[in-house]
Amino acid sequence: MLWLKAEELLSNQDKTIYWLSKQTGISVSSLYYLRDGKLKKPSFELMCKIADALGVSLDYFRETEGDK
């Protein structure tokens, strides 16, 4: 769910996972682990970096489909 939201933002902003890696300092492999579900509990710091790079608040990733 979390990665789907990040992926949607990347797509809407015409950005790539490589761009996100450069902006956040998070390795591409770590982002792929997150995407593939191998990183089950991303750290607060990691999520802050992703949210900042994508221009959204952390709350964006907490919303569920029913909240919209």
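Residues numbered from 1 in each chain as written. Predicted model: local features only at pLDDT ≥ 70, side-chain atom pairs only at ≥ 80, totals over all residues. Heavy atoms only, no water.

Caption draft 1: Up close: the nonpolar core. Membership of the largest hydrophobic core comes to 16 residues, with the highest contact counts inside it found for W3, L20, L31, L46, I50, L54 and F61. The greatest single-element share of this core, amounting to five residues, is contributed by helix α4 (residues 44–54). Ignoring any residue separated from it by four or fewer positions in sequence, one finds L46 in contact with I26, L34 and L39. (Core = buried A, V, L, I, M, F, W, Y, C linked by side-chain atoms within 4.5 Å. Buried < 20%, exposed > 50% of the residue type's maximum accessible area, 1.4 Å probe, protein only. Helix = DSSP H or I, 4+ residues; strand = E, 2+ residues; numbered from the N terminus. Contact = heavy atoms within 4.5 Å.)

Caption draft 2: Layout of the packing of helix α2 (residues 17–24) against helix α3 (residues 28–36). One can describe the packing of α2 onto α3 by two numbers: an axis separation of 9 Å at closest approach and a directional angle of 120°. It follows from the interaxial angle that α2 and α3 lie oblique. Considering the relative orientation of α2 and α3, their crossing is right-handed. Across from I17, Y18, L20 and S21 in α2, the residues of α3 making contact are V28, L31 and Y32. Split into classes, the residues belonging to the contact of α2 with α3 amount to six nonpolar, one polar and no charged. (Axes fitted to C-alpha atoms, helices over the stretch in contact; angles between N-to-C directions. Parallel < 35°, antiparallel > 145°, perpendicular 65-115°, else oblique. Left-handed = near helix turned anticlockwise from the far one by under 90°. Nonpolar A, V, L, I, M, F, W, Y, C, P; charged D, E, K, R; others polar.)

Caption draft 3: Geometry of the packing of aromatic side chains. The tally for this structure, following the rule as stated, stands at one aromatic pair. With centroids separated by 5.5 Å and ring planes inclined at 85°, the aromatic side chains of Y60 and F61 adopt a geometry described as edge-to-face. Residue Y60 is classed as buried on the basis of its relative accessible area, which comes to 18%. Above the face of the Y60 ring, K5 is positioned so that its terminal group lies 5.4 Å from the ring centre. (Phe/Tyr/Trp six-rings, centres within 6.5 Å; stacked < 30°, edge-to-face > 60°. Lys NZ or Arg CZ within 6 Å of the ring centre and 35° of its normal.)

Caption draft 4: Focus on the environment of L58. Mapped onto the secondary structure, L58 falls in the loop between α4 and α5 (59–62). Linking L58 and C48, residues ten residues apart in sequence, is a C-alpha distance of 6.6 Å. In contact with L58, not counting residues within four places along its chain, are F44, M47, C48 and A51.

Caption draft 5: Local environment of the packing of α2 against α4. The interhelical angle for the contact between α2 and α4, taken along N-to-C directions, is 110°, at an axis separation of 9 Å. One element, α2, and the other, α4, form an angle in the roughly perpendicular class. Between α2 and α4 the crossing geometry is right-handed. For the pair formed by α2 and α4, the contact residues are W19, L20, Q23 and T24 on the first element and K49, I50, A53 and L54 on the second.

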